[in-house]
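Coordinate inspection notes
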Amino acid sequence: RSFTVHKSVQQVAETMERIFVTDYAAGNDPHCIWLSGGTILKQVKGRDELDFYLDYVRAVRERVGSRWPIVLQSAAKNKKDCKRMSDAGVTNHNANIEVWDKELFRIICPGKESLVGYDEWIKRVIESVEVFGEGIVCPNLVVGVETCQPWGFKSIDEAVKSTLAGLDYLMAHGVTPRVTPWCVEPL
């Protein structure tokens, strides 16, 4: 699906200032700023994906300072782009993998496969640890999706074995994967 609704940089920065500065001073305790909106395949308002998101990061950092981490969820980026993100104020990057099995990735994530590819996606996630640090790169795996039929694993044991292999591999490289359960969404 394609979405074209974008809050202005100013709106987002003002909202984050209220939550992270004003409300914090009033006794609320927010934990982190999470920026996510999907992958931008074309330019939006004259900006490519990374420049578009970093405009928001810089504006939020100007308003709230560096006390709270900023998590950016986007496509997997190379080390040069990860460095740009870090320099702009991103402290945690999540390039969601979705499913560990290479063949299922190709089927379930055709956009990611065609734009970056499985091997390159995993390589970029691992290399981003060199920029952000161990335990700070936290891509998502959607547990359960690896069993979807007709392509998925035929048994729960196979599915669990595959996902565990992915978790082990990522953690051995300083990545802290997140998992969420697969669920049905509208459309």
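Everything discussed here concerns the structure shown above.
Residues numbered from 1 in each chain as written. Predicted model: local features only at pLDDT ≥ 70, side-chain atom pairs only at ≥ 80, totals over all residues. Heavy atoms only, no water.

To continue, consider the side chain of lysine 112. When you line up the elements, lysine 112 lands in helix H5 (residues 110-115). Residue class for lysine 112 comes out buried when judged on its relative accessible area of 19%. A distance of 2.7 Å separates the side chain of lysine 112 from the side chain of glutamate 98, its partner in a polar contact. If near-sequence neighbours (up to four positions away) are discounted, lysine 112 is found in contact with Asn96, Ile97, Glu98, Phe105, Gly117 and Trp121. (Helix = DSSP H or I, 4+ residues; strand = E, 2+ residues; numbered from the N terminus. Buried < 20%, exposed > 50% of the residue type's maximum accessible area, 1.4 Å probe, protein only. Polar contact = N/O pair within 3.5 Å; in protein donor to acceptor, adjacent residues only side chain to side chain. Contact = heavy atoms within 4.5 Å.)

Here the focus is the sheet that holds strand S1 (residues 33-36). Spatially, S1-S2-S3 is the arrangement adopted by the three strands of the open sheet, whose pairing is parallel. The sheet is open, and its two edges are formed by S1 and strand S3 (92-94), each paired on a single side. With direction set aside, neighbouring strand axes in the sheet form an average angle of 20 degrees. Pairing of S1 with strand S2 (residues 70-73), which is carried by four bridges, proceeds in the parallel orientation. Bridge pairing in S2 places leucine 35 opposite leucine 72. Where helix H2 (residues 49-64) meets the sheet, its contacts fall on S1 and S2, and the angle it forms with S1 comes to roughly 160 degrees. (Pairing = 2+ DSSP bridges. Axes fitted to C-alpha atoms, helices over the stretch in contact; angles between N-to-C directions.)

Glancing now at the packing of aromatic side chains. Within this structure, the stated rule accounts for seven aromatic pairs. Note on phenylalanine 52 and tyrosine 53: the rings are 5.7 Å apart at their centroids and 70 degrees apart in plane angle, and the pair reads as edge-to-face. One aromatic cluster in this structure is built from Trp100, Phe105, Tyr118, Trp121 and Tyr169. (Phe/Tyr/Trp six-rings, centres within 6.5 Å; stacked < 30°, edge-to-face > 60°.)

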